[in-house]
Amino acid sequence: MAIGVKVMKRPTKQTSYLRATLKGMALTFSHILRPKVTMQYPEEKSSKDWTLSSRWRGTHRMLTDEQGRAKCVACGLCPQICPANCIKLVPGEDEEGHRYPLIYEIDEFRCIFCGYCQEVCPEEAIHVGVHYENSEYSRDRFVYDLERLTAQTHPVSTLWDPSDPKGE
Amino acid sequence: MTFFLVSSIIKVFIVFNLIMVGVALLTLLERRVCAWMQDRLGPNRVGPQGILQPAADGLKNFLKEETAPAMADKTLFVLAPMVSFVPALLTFGVIPFASPLPTKWGVVPMVVADLPVGFLYILAISSLGVYGIVLAGWSSNNKYALLGGLRASAQMISYEIAMGMSTVAVLLLAGNVTLSQVIAQQQLAHAWFVVPLTLAFIIFFISALAETNRLPFDLPEAEGELIAGYHTEYSSMKFSMFYIAEYSNMVTASALMATLFFGGWDIPFTTWDSTGEPTVLKTLLTLAAFSAKTFVFLFTYIWVRWTLPRFRYDQLMALGWKVLLPLALIYITILATAIWFIRVRLGWDYGAGMAWALGGINLVLLIVVAWWLDRGRIVSGSVPQEAA
């Protein structure tokens, strides 16, 4: 048993498993009285044993600056890196030469929630969010436009930091 | 005659509805107890504590699409659920469920039909239920369904014998097959038949698990190997009928165990419930006692189901033919001798003394059987062997 293989003790002839049966019955009965682990979802969304990780990658959110405008400068890096090709960006430029997105849409159905868009964004504008309740009544509601992305309020994901791999 | 007809019709109506409601609540109980045993909560959303869940399930089953396999035998396919459903409900008809109820027009015995051949009737009708299962398996024209049906019939034949043999012991002691008389005997002696017939009760209990196709004997369904066995091809209300049949068989088997071995509607340690004038209060209290006893067995059914894994087919047959049947036969021989000795040589009638004397014999036999069954001494299946 040098490598610690667990060899089960099996009966060599017919046995009734009488003791095992009684022991099992006692065990299942004792479980009736134990505390339950079920989290009653719509009322309870997290418990002391279970919360969403801060690195959870859910539906997107666009952060805004002090004037309430999207931080995005329409550099085009996120549609470039997106492996699912789900970001549609049409850049625009105002009189002062500031670039901004004319159209910024994310198709959440195509998105694979890899979080590359957040990682690549130089302005820390687009983020994946710590959020999972996304139901809608129709499919076209899943293409989030700029207005919707900026209106989201849920917390954003903290990405993995190589210098702090365990998130401490 | 009119009184008999009217009271019978009312009793049939009430008993039918009580069983249907009981079965519905039983499905909920099964799911909730299962959940509790797995540290979950179970369905608790529809109504307070999920009490309306069975209503939601039933409604869903009514609205579902009826399907029938293209190559199925249509007549038998439709007939099979009924054939398994009807006997399951019929069997309850002879079980007394409370002390007689006095009414303005006369005393009504609280049993749908107190047949003189009560117990034989139950054995006959309950084994008819397997026809429904076999027919379902055959008519579905599906390999798995057919295998399920075959298994059901083999299992039913094997365990029917052990079950019948274990009840012979009851009949030896009661000297009667009318269930109301069996109950009266136990009340007179102030000793339930479980004391003088412990081993018979254990054999009966195991066989009853097999007869109702419950785990660890649910080979006809065996979702792991046969998908759903005989009801693989059934949908909507036809499927539901198999389910109701299974659960009402459980109710009947539990009620039967309560009647034969635990004094039926007798309230323990009292005599006033079975003596004197019948009153409404007595009827209600004895009904409660009967329900409580039945409930204990129903709970045990569920408890066993969520504890034990399924038998392998050869293990099932070995247990039925090599253990239970010889055990029941030897037991009857010993018990018949003991009863003959006590009745004829000592001249006792059935009473507390005889019950406890036989109880002593049972205890000895029980120890012997437990010792014999315990030869292998496996406490759990996953004990690591000590390194050699």
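Relevant structure appears above.
Structure report, in brief. In this text, all values refer to a predicted model and were calculated from it rather than measured experimentally.

Where strands meet in a sheet, backbone hydrogen bonds hold them as pairs that are either parallel or antiparallel. Residues and elements named next belong to chain A. Within the open sheet, the 3 strands sit side by side as E2-E3-E5. Their pairing is antiparallel. Across the chains shown, the open sheet's two edge strands, defined by having one partner strand only, are strand E2 (87-93) and strand E5 (143-144). Alignment of E2 against strand E3 (residues 99-107), held across 7 bridges, turns out to be antiparallel. Bridging from a neighbouring strand, glutamate 93 pairs with arginine 99 of E3.

Residues and elements named next belong to chain B. Direction vectors running N to C along helix H3 (residues 74-90) and helix H9 (residues 236-261) enclose 25 degrees, while the axes themselves pass 8 Å from each other. Between H3 and H9, the crossing angle belongs to the class labelled roughly parallel. Crossing of H3 against H9: the hand is left-handed. Across from Pro81, Ser84, Phe85, Ala88 and Leu89 in H3, the residues of H9 making contact are Lys238, Met241, Phe242, Ile244, Ala245, Ser248, Asn249 and Thr252. Looking at the contact of H3 with H9 residue by residue, the class counts come to 8 nonpolar, 4 polar and 1 charged.

Residues and elements named next belong to chain B. Take alanine 292: it is sitting in helix H10 (residues 280-305). The class of alanine 292 is exposed, set by 11 C-beta atoms lying within 10 Å. Taking the C-alpha atoms as reference points, alanine 292 and tyrosine 234, separated by 58 residues in sequence, lie 34 Å from one another.

With that settled, the discussion passes to the packing of helix H7 (residues 198-211) of chain B against helix H11 (residues 313-345) of chain B. All names here are of chain B. The interhelical angle for the contact between H7 and H11, taken along N-to-C directions, is 155 degrees, at an axis separation of 10 Å. In terms of orientation, H7 lies roughly antiparallel with respect to H11. Relative to H11, the crossing made by H7 is left-handed. Residues Leu199, Ala200, Ile203, Ile206 and Ser207 of H7 touch H11, and the partners they reach there are Leu324, Leu327, Ala328 and Tyr331. Residue composition of the contact of H7 with H11, grouped by class: 8 nonpolar, 1 polar and no charged.

Rules and cut-offs
Residues numbered from 1 in each chain as written. Chains lettered and ligands numbered in written order. Predicted model: local features only at pLDDT ≥ 70, side-chain atom pairs only at ≥ 80, totals over all residues. Pairing = 2+ DSSP bridges. Helix = DSSP H or I, 4+ residues; strand = E, 2+ residues; numbered from the N terminus. Axes fitted to C-alpha atoms, helices over the stretch in contact; angles between N-to-C directions. Parallel < 35°, antiparallel > 145°, perpendicular 65-115°, else oblique. Left-handed = near helix turned anticlockwise from the far one by under 90°. Contact = placed C-beta atoms within 7 Å. Nonpolar A, V, L, I, M, F, W, Y, C, P; charged D, E, K, R; others polar. Buried ≥ 20, exposed ≤ 12 C-beta atoms within 10 Å, placed from the backbone.

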